[in-house]
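# Structural description and commentary
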Amino acid sequence: MLDDLRIRRYRDTDARATRSIFERAVRVTAAAHYTAEQLAAWVPDDSLSAVLDDWAARRAAVTTWVAELDDAVVGFTDLDVEIGYLDMLFVDPDAGRHGVGSALIRQVLDEARAVGLREVTVQASRTAQPVFERHGFVVVREQRVERRGVLIENAVMRIPLDASAE
């Protein structure tokens, strides 16, 4: 599968596909680690049409990449290069466990090194934490964040970078 995977920069036309992947990944993939109440607070049922413009603006405000397979977007990630923060890493459930998330993390780390960042941080869901750990991220602290009045557990993670590493 990875032989045909292509990582490229986000385009305005990717808003609907990336938002759909986000929603499906939360509702399907994260369902193994979170309650129905937490999932509904994280992604309300009517969210796609209501938030697409804001979503597109948020993706454009940071450096965002998408993973494509057979001309279809199957995942995405981002990096705020000003502060070294990775806010989003989501893979379509149908493409999960095939290395898409790992390829996206490698892209983020390569970019972070290229711009001279000393570390990258992320607030990783319980679902995403293992993939980040495989790439050298370590848990700084566990936390609960509130979404629509519901507490959702995640972990603040970081990876120190050697700017001269390849």
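Up top you'll find the structure we're talking about.
The next subject is the sheet that holds strand 5 (residues 89-91). Spatially, 1-2-3-5 is the arrangement adopted by the four strands of the open sheet, whose pairing is antiparallel. Bordering the open sheet on either side are strand 1 (5-9) and strand 5, each of which pairs with just one other strand. Recorded for the sheet is a direction-independent mean angle of 20 degrees between the axes of neighbouring strands. Packing of helix 1 (residues 15-29) onto the sheet brings it into contact with strand 2 (63-69), strand 3 (72-79) and strand 5, and relative to strand 3 it is tilted by some 90 degrees. Relative to the sheet, helix 4 (residues 100-114) contacts strand 1, strand 2, strand 3 and strand 5, its axis offset from that of strand 3 by approximately 35 degrees.

The subject of this paragraph is the sheet that holds strand 7 (residues 138-147). If you walk across this open sheet you meet the four strands as 4-6-8-7, and the pairing is mixed. Strands with a single pairing partner mark the edges of an open sheet, and in this sheet they are strand 4 (85-86) and strand 7. Alignment of strand 6 (residues 119-125) against strand 8 (residues 150-160), held across seven bridges, turns out to be antiparallel. From the neighbouring strand, S125 faces strand 8, where its bridge partner is N154.

As a further point, take unusual backbone geometry. Positioned with a positive phi, D70 is a non-glycine residue whose angle comes to about 50 degrees. Summarising the element assignment, D70 is placed in the loop between strand 2 and strand 3. Within the chain, R148 stands out as a residue other than glycine whose phi angle is a positive 50 degrees. Judged by relative accessible area, which is 59%, R148 ranks as exposed.

Definitions and cut-offs
- Residues numbered from 1 in each chain as written.
- Predicted model: local features only at pLDDT ≥ 70, side-chain atom pairs only at ≥ 80, totals over all residues.
- Heavy atoms only, no water.
- Pairing = 2+ DSSP bridges.
- Helix = DSSP H or I, 4+ residues; strand = E, 2+ residues; numbered from the N terminus.
- Axes fitted to C-alpha atoms, helices over the stretch in contact; angles between N-to-C directions.
- Contact = heavy atoms within 4.5 Å.
- Buried < 20%, exposed > 50% of the residue type's maximum accessible area, 1.4 Å probe, protein only.

Geometric values such as these leave the question of function open.
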